[in-house]
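Next come the chains, spelled out residue by residue.
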Amino acid sequence: AQSVAQPEDQVNVAEGNPLTVKCTYSVSGNPYLFWYVQYPNRGLQFLLKYITGDNLVKGSYGFEAEFNKSQTSFHLKKPSALVSDSALYFCAVRDWAGQNFVFGPGTRLSVLP
Amino acid sequence: EPEVTQTPSHQVTQMGQEVILRCVPISNHLYFYWYRQILGQKVEFLVSFYNNEISEKSEIFDDQFSVERPDGSNFTLKIRSTKLEDSAMYFCASNQEPTSSYEQYFGPGTRLTVT
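These numbers were taken from a predicted model, which means no experiment stands behind them.

Topic: the confidence of the model for chain A
With 96% of its residues at a pLDDT of 70 or more, chain A has an overall mean of 92. Across chain A, the secondary-structure element scoring lowest on mean pLDDT is strand E11 (residues 102-103) of chain A, at 90, and the one scoring highest is strand E9 (residues 73-78) of chain A, at 98.

Dropping the structure here:
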């Protein structure tokens, strides 16, 4: 069965500093990995995905994520955090046959001015 | 940019009542989904729908739940005889292709409160 772990409930970072939101996964076969962001009172917004190819994928709003197969991780990163990045971040996985996402529990990112 | 829309944004209902949550997926999308998020918990898959049929459902999606595409634009989730534990945020999503490499586009959600 597929599963996603986000080991940190909360990440605090100062504005201008780099940020990392961690995600590890378990899936049979090749994983398809996604990051979504949820702002207050809003739906989930797609940030980026890894399907195949380059392990470093770039997405919206300056975010990027690095796929590491040996560590089964897909950490979300941004070189310089903005206060407006403060939100709830969800990592999600699908296997090659699955239509539906398995989401992680979410990590709340707070960027402090 | 086209968006998935959901109505109402907030629904309050009494235990035992029926509710219908409505979604308008992106117009050229063919695959539709419902997810729920109980407050403070993770997003959970409920059901997927294609060609007027349920294609997959989770164990959460029991006989209390049903989905329908009554016309060419709306996609509804009906909850019969609501329970307190049905209180959650319900998200609709859609995409053009169901294959795993495609992201789903989510609506803003309907907050259901059962009292």
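And the narrative resumes.
A few points about the pairing of strand E11 (residues 110-114) of chain B
Residue and element names in this part refer to chain B. Only one face of E11 is buried: it carries Thr110, Leu112 and Val114, and the other face, with Arg111 and Thr113, is open. Pairing of strand E2 (residues 10-13) with E11, which is carried by 4 bridges, proceeds in the parallel orientation. Bridge pairing in E11 links Val12 to Thr113. Both strand E9 (residues 88-95) and E11 contribute to a ladder of 3 bridges, which runs antiparallel. From the neighbouring strand, Met89 faces E11, where its bridge partner is Arg111.

A short note on unusual backbone geometry
Residues and elements named next belong to chain B. Residue Pro8 is bonded to the preceding Thr7 through a cis peptide linkage, with omega at -10 degrees. Relative to the assigned elements, Pro8 resides in the loop between strand E1 (5-7) and E2. Despite not being glycine, Ser81 has its phi angle at roughly 50 degrees, a positive value. Position of Ser81 among the secondary structure elements: in the loop between strand E8 (75-79) and E9. A residue is classified by how much of its surface remains accessible, and Ser81, at 46% relative accessible area, is partly exposed.

Here we look at the pattern of salt bridges
The tally for this structure, following the rule as stated, stands at 5 salt bridges over all chains. Between Lys49(A) and Glu103(B) there is a salt bridge whose closest N-O contact spans 2.7 Å. One end of the pair, Lys49(A), is in strand E6 (residues 44-50); the other, Glu103(B), is in the loop between E9 and strand E10 (105-106), on a second chain. For Lys77(A), the salt bridge goes to Glu66(A), with nearest N and O atoms at 3.5 Å. Of this pair, Lys77(A) sits in strand E9 while Glu66(A) is found in strand E8 (residues 64-68), placing the two residues 11 residues apart along the sequence. The class for Glu66(A) is partly exposed, based on a relative accessible area of 38%.

Describing the sheet that holds strand E3 (residues 19-24) of chain B
Residue and element names in this part refer to chain B. Spatially, E1-E3-E8-E7 is the arrangement adopted by the 4 strands of the open sheet, whose pairing is antiparallel. Every interior strand has two partners, whereas the edge strands, E1 and strand E7 (65-68), have only one. Pairs of neighbouring strands in the sheet enclose a mean axial angle of 20 degrees, with direction left out of account. When E3 meets E8, the two strands line up antiparallel, connected through 5 bridges. The residue bridging Val19 from the neighbouring strand is Ile79, located in E8.

Description of the interface of chain A and chain B
With 23 residues of chain A at the interface, the matching set in chain B holds 21 residues. Summed over both partners, the interface of chain A with chain B buries about 1800 Å², with 50% contributed by carbon and sulfur atoms. Our enumeration of links across chain A and chain B arrives at 5 residue pairs in polar contact (both at pLDDT 80 or more). Mapped by element, the contributors of at least two residues to the side of chain A that touches chain B are strand E5 (32-38), E6 and strand E10 (87-94) of chain A. With 4 residues, E5(A) is the largest single contributor of residues to the side of chain A that touches chain B.

Some remarks on the state of the cysteines
Note on terminology: a disulfide is the covalent bond linking the sulfur atoms of two cysteines. Summed over all chains, the structure comprises 2 disulfides over all chains. Two residues share a disulfide in this structure: Cys23(A) and Cys91(A), whose sulfurs sit 2.0 Å from each other. The disulfide joining Cys23(A) to Cys91(A) has a torsion of about -65 degrees about its S-S bond and is therefore left-handed. In this pair, Cys23(A) is assigned in the loop between strand E3 (19-21) and strand E4 (24-26) and Cys91(A) in strand E10, connecting sequence segments 68 residues apart. Accessibility assignment for this pair places Cys23(A) and Cys91(A) in one class, buried. Here Cys23(B) pairs with Cys92(B) through a disulfide, and the sulfurs are 1.9 Å apart. Handedness here is read from the sign of the S-S torsion; for Cys23(B) and Cys92(B), about -65 degrees, the answer is left-handed. Of this pair, Cys23(B) sits in strand E3 while Cys92(B) sits in strand E9, and the two are 69 residues apart along the sequence. The exposure classification of Cys23(B) matches that of Cys92(B), with both residues buried.

Scoring rules and cut-offs
- Residues numbered from 1 in each chain as written.
- Chains lettered and ligands numbered in written order.
- Predicted model: local features only at pLDDT ≥ 70, side-chain atom pairs only at ≥ 80, totals over all residues.
- Heavy atoms only, no water.
- pLDDT = per-residue confidence, 0-100.
- Helix = DSSP H or I, 4+ residues; strand = E, 2+ residues; numbered from the N terminus.
- Buried < 20%, exposed > 50% of the residue type's maximum accessible area, 1.4 Å probe, protein only.
- Pairing = 2+ DSSP bridges.
- Salt bridge = Lys/Arg side-chain N within 4 Å of Asp/Glu carboxyl O.
- Axes fitted to C-alpha atoms, helices over the stretch in contact; angles between N-to-C directions.
- Contact = heavy atoms within 4.5 Å.
- Buried area = accessible area lost by both parts, 1.4 Å probe.
- Polar contact = N/O pair within 3.5 Å; in protein donor to acceptor, adjacent residues only side chain to side chain.
- Disulfide = S-S within 2.5 Å.

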